[in-house]
4 protein chains.
Amino acid sequence: MTDLHGVFPYLVSPVDADGRVTSDVLGRLVNDLIDAGVHGLTPLGSTGEFAYLSNEQRAAIVRATVEASAGRVPVVAGVASTVTADAVAQARLYAKLGADGILAILESYFPLGEPQVEAYFRAIADAVDVPVVLYTNPQFQRTDLSLDVIARLSEHPRIHYIKDASTNTGRLLSIMNRSEKLKVFSASAHIPACVMLIGGVGWMAGPACVIPRQSVRLYELCRAGKWPQAMELQRELWRINEVFARFNLAACIKTALALQGYDVGNPIPPQRPLGAEECRVVAGALAAVAPAAETIPA
Amino acid sequence: MTDLHGVFPYLVSPVDADGRVTSDVLGRLVNDLIDAGVHGLTPLGSTGEFAYLSNEQRAAIVRATVEASAGRVPVVAGVASTVTADAVAQARLYAKLGADGILAILESYFPLGEPQVEAYFRAIADAVDVPVVLYTNPQFQRTDLSLDVIARLSEHPRIHYIKDASTNTGRLLSIMNRSEKLKVFSASAHIPACVMLIGGVGWMAGPACVIPRQSVRLYELCRAGKWPQAMELQRELWRINEVFARFNLAACIKTALALQGYDVGNPIPPQRPLGAEECRVVAGALAAVAPAAETIPA
Amino acid sequence: MTDLHGVFPYLVSPVDADGRVTSDVLGRLVNDLIDAGVHGLTPLGSTGEFAYLSNEQRAAIVRATVEASAGRVPVVAGVASTVTADAVAQARLYAKLGADGILAILESYFPLGEPQVEAYFRAIADAVDVPVVLYTNPQFQRTDLSLDVIARLSEHPRIHYIKDASTNTGRLLSIMNRSEKLKVFSASAHIPACVMLIGGVGWMAGPACVIPRQSVRLYELCRAGKWPQAMELQRELWRINEVFARFNLAACIKTALALQGYDVGNPIPPQRPLGAEECRVVAGALAAVAPAAETIPA
Amino acid sequence: MTDLHGVFPYLVSPVDADGRVTSDVLGRLVNDLIDAGVHGLTPLGSTGEFAYLSNEQRAAIVRATVEASAGRVPVVAGVASTVTADAVAQARLYAKLGADGILAILESYFPLGEPQVEAYFRAIADAVDVPVVLYTNPQFQRTDLSLDVIARLSEHPRIHYIKDASTNTGRLLSIMNRSEKLKVFSASAHIPACVMLIGGVGWMAGPACVIPRQSVRLYELCRAGKWPQAMELQRELWRINEVFARFNLAACIKTALALQGYDVGNPIPPQRPLGAEECRVVAGALAAVAPAAETIPA
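These figures come from a predicted structure and were not determined experimentally.

Cut-off values and rules
Residues numbered from 1 in each chain as written. Chains lettered and ligands numbered in written order. Predicted model: local features only at pLDDT ≥ 70, side-chain atom pairs only at ≥ 80, totals over all residues. Heavy atoms only, no water. Helix = DSSP H or I, 4+ residues; strand = E, 2+ residues; numbered from the N terminus. Rg over C-alpha atoms; globule rule 2.2 N^0.38 Å. Buried < 20%, exposed > 50% of the residue type's maximum accessible area, 1.4 Å probe, protein only. Contact = heavy atoms within 4.5 Å. Areas by Shrake-Rupley, 256 points an atom, 1.4 Å probe, with all protein chains shown as cover. Buried area = accessible area lost by both parts, 1.4 Å probe. Salt bridge = Lys/Arg side-chain N within 4 Å of Asp/Glu carboxyl O. Polar contact = N/O pair within 3.5 Å; in protein donor to acceptor, adjacent residues only side chain to side chain. Nonpolar A, V, L, I, M, F, W, Y, C, P; charged D, E, K, R; others polar. Pairing = 2+ DSSP bridges. Axes fitted to C-alpha atoms, helices over the stretch in contact; angles between N-to-C directions. Least-squares fit on C-alpha atoms with pLDDT ≥ 70 in both. Phe/Tyr/Trp six-rings, centres within 6.5 Å; stacked < 30°, edge-to-face > 60°. Parallel < 35°, antiparallel > 145°, perpendicular 65-115°, else oblique. Left-handed = near helix turned anticlockwise from the far one by under 90°. Expected span 1.5 Å × (residues − 1). Right-handed = clockwise from strand over helix to strand, strands pointing away.

A separate point is the overall build of chain A. For chain A, the helix and strand inventory stands at eleven helices and seven strands. The C-alpha atoms of chain A give a radius of gyration of 18 Å, which matches the 19 Å a tight globule of 298 residues would have. In terms of its C-alpha atoms, chain A occupies a principal-axis envelope of roughly 50 × 45 × 35 Å. Buried residues in chain A amount to 64% of all 298 residues. For chain A, the share of sequence-separated contacts (at least 6 apart) that also reach a separation of at least 24 residues comes to 71%. Split by element, the accessible area of chain A, about 10300 Å² in all, is 51% carbon and sulfur.

Take a look at the structure:
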C-alpha cells in the first residue's frame, strides 16, 4: 500500500458563480503544486469547503484532481457525512475514481457515543482497499475522537494515519505513545516542525497551496534533522498560518491563490470573500515569505 | 397569509433500512395527529433528522406530509443548509409541493459574521411567498442569531415567526420586546406554559408527536388563561421533555411512536437506537402521562 | 425556622477607595429597601462582589446589613469559598452575627466530582442552625450542581431552598419535580413571573435594589394569580434585566444606586466603572420603569 | 536582574489537617530538588494550590521556600487575586520575603475587558523591582491574555517572561514572533522539548517536582541541540504528564511525592485525595520513568 508522507496541500475547491467546478483551474493548480515538489494532494478537506459542496460537486473535484495529478503523487480524498451509508458511498466512489487514500471525516448534529463514532470510521475503512487517514477537528466538527477510539481504530488493517487539527500538540505525542502503528500528519493549527520533531510524517494543510516550495523545503530540513535551520524557516512560515487563522480559512487560501494568478473564485455563499483590507494583510504575509522560496536550492 | 399558532408536532422521518422514506407510516401518523387536534405539522426539524437526510429524502418527507394533511392543517417544512443557493432551492421546492410555511435553519462549518447570517435567511424569505419561521438552536447548530439580526430580519414581509430552541426563556421575552411583529414559538427546551404566559403563540416540538391530545389540552388551557390548571398539566408533561432531553431526541421520539404502533424505524446510523433500559424509561414516562389524556374532555 | 419568600434584593457592597466598607451607606439602602416592602435581604451574592472582598470586608458587610435591618426582614448572607473549612467558618460567623439564613456558594479552581460538591454544601449546612439556600451560577462559577446532587442535598434538614442563576427555566421545573421539599428562588437571568407561575417562591436579584417597589408589586400580582397584570408589569421590568445583563452587573447596580443618591462607590478594581454612555443607558432604563412605581397603590 | 531559565518545579503546598503549612517538609523537598539540579523554584502555582490558600498560608509557603533555597536558585513566587490591590500587596510582601521573581496570575469572576486585564498585570509589575512572569491558564482561570495585551505588557521594564498553560503550542510561537523581548516558559500541557525547539527558555511545571533529574537532563539535551536524544527522553517523560492530566493535578503531585517519602499531606478539601487505583497508576508511571534517571551521567 502507498506510503503517505510529506507535504499534502489541502486543495481549495474552485467553483464558479453557478456552482460549476472549474476543473481546468484546479488542474493547473495541481500541476504547479506537483512541480513545486509536494508529496501528495488532499482535495475535500476543510479548506476544500467539503461542507459546502453537493456530492456531485465533490465527485467532480476528486475526478479533476486525480486526472491532473496523473499518478505523479498520491491523492487522498476527503469523505465527510453525518450518515454512515453516505460516507461509505463517497469513499467507494472516490477510490473507484482513482484516489490513493481516503481522509475520513465525521460530521454530526446530535452528539454520538464512542461506539457510534468508531463504527462510522470502521465502515469507511471496511469499504475501501486504500489507506485511510482519520481526521479530527474539534474546532469545526461536533464530535471528537478520544485516544481510546483512535487506538482501537488503529488496529484496522487500512487505518494507518491520523490528521489532528486540534491546536494541542501534546495530544499528538499521546496518540503516538498509544498507537505505534498510526502515523501522524500535522494540520495548520500545529507547528509542523514540532510535529516532525516528535515523530510526525508530514502535514496536510491549506497554506501549503500557496507556499509549496517553502513547505517542501521545511519538510526536507526536518527530515535531514537540521533543526536550527528548520526552525529559522518555520518561524517565518508561521506568520502565514497566523494570518490564515484570523480570517475564514477557505477565503484566505482562495484569495492568496487569486493573488498568484489562479482564478479559483470566491468561497461559497453565505461565506463572504475577504474585504480589501483583509486582502492586503494576506498579500503582505505572502510577500514576507516570498524570499524564503528564492533562497531554496533548486 | 396563514396565521400559524398552536401545537405543531415536529414529525419524525420514517426511513427503512435501505434509506427509503416510508410514506404510508408517515401518512398514518399525520392523520392521527390531526385527529388529535394539533394545529399544524412541522416535518424536517431536528427531531425529523434533517441533518441525516439527502435532498431527495427530504422532498419525499415533505410530499408525504402535505398529501396526508390534505389542507386540514398548515404544514411548515424545514429548510436547512450550509449553502444559500441550496437552501433557496429547498424552500422553493417545498413551497411548490404545497408547504404552507418554511422553517428556516442555518447550518454552518466555518463561523459566519452577522451580515452573512442575515443574508442567508433573507434569501430564503425572498424566494417564497409563504410565511417563514426563523429557527435557532444554539445547542446543535454552529451559528446563533443575535437579537440585532432577529430584529432586522423581522422587518422582512414574510418573516413572521421565530422558533428558539435555546433553553433561555428570558431571551424569548427580549425578542418579543425588541420585535413586536415577530411571533414566538416555543421549543421542547422551554416550558411551553411559560412561553404562552409571556406572549408566545404555541410550540413546535418533538414530544407533541407522542402526546398530542395532552399538548393540545395544555395549549387550550393557556389560551383560556386558566394558568393554575395549565401548570398542573404542564408539570406532568414536563417529565416527557426531561426524558427526551436525556437521550438522542430522534431515537426517543421514534421509540415512543414504535411503542404506540407506528413502524417509524430506527434513527439513521451511525446514530443508535435506544437500548432496552432506555426504552423502558421512555415507556414509563409515556405511561405516566397517559391519564392526562384520559381526563381531557372530548 | 424562618420561611423565606418574596423579593430579596442582592445588596451591593459599598467600599471606599481605601477598601473600607461604608456601613452608613449600606445601612441607609437597607432601610429604604425595607420601607419599599422587600421581603428579605441578601448581602454577598454575585452583585455584592463577594469574589472581590476579603473575609474581613465580608464580615463588615453582614454586620452592617443585620444591624440596619434590625430584625424587620430576614437577612440571608452569602458564603463562598474554594475551601470547605473556610466556608464553614464564614457560615458560623455570619450566623453568629445574626444572619437568618445562608446562601451557599461553591467556588472552584480544579474541577470537582459530585461527591466533593455535595460534601462542601453539606458541611456548610451541618455547621449552622439557620436555613441554607443552595446557589448555582454556571455562568461565573466553575462547578455546577447536577439534579442528582441537588436532590440528595435537599434531604438535609437545613437545606430548604435553591437559587439557580442559569438562564434555563426548564431546569427549575425539573428541580421542583425531583425535589418536592426544595423551594426555588429565581435569579435575574430568569423571568421572575415565569418562575412564580411554575411554583417559585420569589427571587434574589440585583435589580431589586434599584426597583424595589416595582419588584414587590410584581411579586404580589403573581401571588394573587393576576397573571395578565403581572405580565404587563414584568414585560416593562425585563428591560432593566436586559440592560444589566449587557454590562458588568456590580457596576450597573452601583451606577443605578448612585443615580438614586446612594454613594456606593465604584466596583472594585480591576473591574471598571461604567463609562458615560453606559451610564446614560442605565439612567434611561431606570427612567423608563419609574412610572411603573408611581401607579403602585400605596 | 536575574536571568531565569531552565527547569522550575511547581512546588506543592504541604498543609496539615489543621491548615498549618509544614515548612520542614517543604524545606526538605526544596533542598532535594536543588541537589537534583533544578534551575529555580516556583511556589504558589496551580500545582501549589494557590486557589485554596489564605494569604497567611501563602506567605508561609514563600517564606519557607526562600529560606530553604538560601539563594542557591531563584525563587519565583505566585501572586494571584481577583483584586488589584490584593495582588500588589502579595507581590510586595513576597519580594520583601526574598522572592527573586513574581509569577503574576489573574483570577476573575465577572469577565474583564482587555484594558482591565492589562492594568492588573501592570500594577503588579509597577509594585516590585524583581522580574515578573505573566501566567495564563485558559483551562482554569476565567480570563485569558490576548496576543495584543501580551505584546503591550512585554514593553514593561520588569515583565520579561510568560508562562502559558494552554495546550496550544502554536500560540507560543506567535507570542515569540510578536514580542521578541518576552521569554517563554512551557507548562506541563505543552511538550517541553517542542517549546525548547521553537525558542523557549525552560518550563515551570508540577511534574518536575517528582522527576527533577530526568527533567534537568531533558533540558540539557535540548540546550545542547541534541534533539534526537532529547526526544527519546521526552517521549518517556510525557507519560508522566499524561497521567497527571487525567486526575486532579495537586492530588497527583502530592501522591507522587508521598510515594517518594515526602509527607506533603492531601489536597485541601473539598478536593479529594487519589483513590487506591489512581495511586497505583501514579506509582506505575513513576516506576516507568525511574530508569531514565539512572542512566543520567552524574
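Time to look at the interface of chain B and chain C. The extent of an interface is frequently quoted as the accessible surface area lost upon association of the parts. The interface of chain B with chain C comprises 22 residues on the first partner and 22 residues on the second. In total, chain B and chain C occlude about 2100 Å² of area from one another, counting both sides; carbon and sulfur atoms represent 60% of this. Considering only the surface of chain B that becomes buried against chain C, Asn177(B), Leu197(B) and Arg235(B) emerge as the three largest contributors, covering 27% of it. For the pair chain B and chain C, the interface holds zero salt bridges. Taken together, chain B and chain C are joined by ten residue pairs in polar contact (both at pLDDT 80 or more). Among the secondary structure elements, those contributing two or more residues to the side of chain B that touches chain C are α6 (169-178), α7 (192-197) and α9 (227-246) of chain B. Per-element tally for the side of chain B that touches chain C: the top contributor is α9(B), with seven residues. Residues belonging to the side of chain B that touches chain C are distributed by class as follows: eleven nonpolar, eight polar and three charged.

Moving on, we get to the sheet that holds strand β7 (residues 202-205) of chain D. All names here are of chain D. The seven strands are arranged β1-β7-β6-β5-β4-β3-β2 in an open sheet whose pairing can be described as parallel. Either end of the sheet is taken by a strand with one partner, and the two such strands are β1 (6-9) and β2 (76-81). Geometrically, the sheet is characterised by an average inter-axis angle of 25 degrees between neighbouring strands, direction not taken into account. Here strand β4 (residues 132-136) runs beside strand β5 (residues 159-164); their pairing, made up of five bridges, is parallel. The residue bridging Val133 from the neighbouring strand is Tyr161, located in β5. Contacts from helix α4 (residues 114-127) reach β2, β3 (101-106), β4 and β5, with the element oriented near 160 degrees to β3.

Each side of the interface is counted separately: chain D has 28 residues, and chain C has 28 residues. Viewed at the interface, chain C and chain D are joined by zero salt bridges. In this structure, the connection of chain D to chain C is made through ten residue pairs in polar contact (both at pLDDT 80 or more). Elements represented by at least two residues in the side of chain D that touches chain C include exactly α4 and α10 (249-259) of chain D. In terms of residue class, the side of chain D that touches chain C is built from 16 nonpolar, nine polar and three charged.

Turning our attention to the relation of the copies chain B and chain C. Least-squares fitting of chain B to chain C yields an RMSD of 0.0 Å, with the superposition described by an axial translation of 0.0 Å and a rotation of 180 degrees. What the superposition gives is, in effect, a two-fold axis relating one chain to the other.

Turning our attention to the packing of aromatic side chains. Scanning the entire structure with this criterion turns up 32 aromatic pairs over all chains. Each ring, one from Tyr161(A) and one from Phe185(A), has its centre 5.8 Å from the other, and the planes form 50 degrees; the classification is tilted. Placement of Tyr161(A) in strand β5 (residues 159-164) and of Phe185(A) in strand β6 (residues 183-186) is noted, with a sequence separation of 24 residues between them. With 6.2 Å between their ring centres and 85 degrees between their planes, Tyr10(C) and Tyr135(C) make a pair best called edge-to-face. Within this pair, whereas Tyr10(C) is found in the loop between β1 (6-9) and α1 (23-35), its partner Tyr135(C) is found in strand β4 (residues 132-136), the two being separated by 125 residues in sequence. With respect to burial, Tyr10(C) and Tyr135(C) carry one shared label: buried. By the ring-pair criterion, three or more aromatic residues cluster together here, those being Phe50(A), Tyr52(A), Tyr109(B) and Phe110(B).

Take the environment of Glu242(C) next. Tracing the chain through its elements places Glu242(C) in helix α9 (residues 227-246). In this structure Glu242(C) comes out as partly exposed when scored by relative accessible area, which is 22%. Through-space distance from the C-alpha of Glu242(C) to that of Val62(C) is 29 Å; in sequence the pair is 180 residues apart. Apart from the residues within four sequence positions on either side, Glu242(C) is in contact with Ser174(B) and Asn177(B).

Another aspect to go through is the sheet that holds strand β2 (residues 76-81) of chain C. Residue and element names in this part refer to chain C. Strand order in the open sheet formed by seven strands is β1-β7-β6-β5-β4-β3-β2, with parallel pairing between adjacent strands. The open sheet is flanked by β1 and β2, the only strands paired with a single partner. Shown here is a sheet whose adjacent strand axes are inclined to one another by a mean of 25 degrees, direction ignored. Pairing analysis gives four bridges linking β1 to strand β7 (residues 202-205), with the strands arranged parallel. Note that in β7 the partner of Gly6 across the bridge is Gly202. This element, helix α4 (residues 114-127), spans β2, β3 (101-106), β4 and β5 (159-164) of the sheet and lies at about 160 degrees to β3.

The axes of two packed helices give the description: the angle between them and the distance between them. All names here are of chain A. Running from N to C, helix α2 (residues 55-69) and helix α3 (residues 84-97) point in directions that differ by 25 degrees, and their axes come no closer than 10 Å. Taken as axis vectors, α2 and α3 run roughly parallel relative to one another. Two packed elements cross with a definite hand, and for α2 against α3 that hand is right-handed. On the side of α2, the interface is formed by Asn55, Arg58, Ala59, Val62, Arg63 and Val66, while α3 contributes Asp86, Gln90, Leu93, Tyr94 and Leu97. Per-class residue counts for the contact of α2 with α3 are six nonpolar, two polar and three charged.

Under the fitted operation, chain D is carried onto chain C by 0.0 Å of movement along the axis and a turn of 180 degrees, and the coordinates agree to an RMSD of 0.0 Å. The overlap is high: 100% of the interface residues of chain D also sit at the interface in chain C, so the same surface is used on both sides.

Attention now goes to the side chain of Gln116(B). Looking at where Gln116(B) falls in the secondary structure, it is placed in helix α4 (residues 114-127). Given a relative accessible area of 13%, Gln116(B) falls into the buried group.

Moving on: the pattern of salt bridges. According to the stated counting rule, one finds 50 salt bridges over all chains in the structure shown. Asp18(B) is the partner of Arg20(B) in a salt bridge, and the nearest nitrogen-oxygen pair spans 3.2 Å. Note that Arg171(B) is salt-bridged to Asp164(B), the shortest N-O span being 2.8 Å. The same class applies to Arg171(B) and to Asp164(B), which are both buried. Connected through shared salt-bridge partners, Glu114(A), Glu118(A), Arg122(A) and Arg152(A) make up one network.

Without any contact between them, chain A and chain C keep their closest C-alpha atoms 20 Å apart. In this structure chain B stays clear of chain D, and the shortest span between their C-alpha atoms is 20 Å.

Attention now moves to helix α1 (residues 23-35) of chain A. Residue and element names in this part refer to chain A. If you check α1, its first and last C-alpha atoms are 18 Å apart, about what 13 residues at 1.5 Å a residue would give, namely 18 Å. For α1, the full list of buried residues reads Val25, Leu26, Gly27, Leu29, Val30, Leu33 and Ile34. For α1, the elements touching its buried residues are β1 (6-9), α2, α8 (212-223) and α10 (249-259). Of the residues trailing α1, Gly37 is marked for its positive phi of about 105 degrees.

So, about unusual backbone geometry. The amide bond that connects Pro269(B) to the next residue, Pro270(B), takes the cis arrangement and shows omega of 15 degrees. Residue position: Pro270(B) is located in the loop between α10 (249-259) and α11 (276-294). Although it is not a glycine, Leu44(A) sits at a positive phi angle of roughly 70 degrees. By secondary structure assignment, the location of Leu44(A) is in the loop between α1 and α2. Overall, the relative accessible area of 0% leaves Leu44(A) in the buried class.

Turning to the pairing of β7(C), a few remarks are in order. Residue and element names in this part refer to chain C. Covered by surrounding structure in β7 are Gly202 and Met204 together with Trp203 and Ala205, the residues of both alternating faces. Summarising the sheet, strand β6 (residues 183-186) and β7 pair through two bridges and their orientation is parallel. Across the sheet, residue Ser186 finds its bridge partner in β7, namely Trp203. The parallel pair β6 and β7 is bridged by helix α7 (residues 192-197), and the resulting crossover is right-handed.

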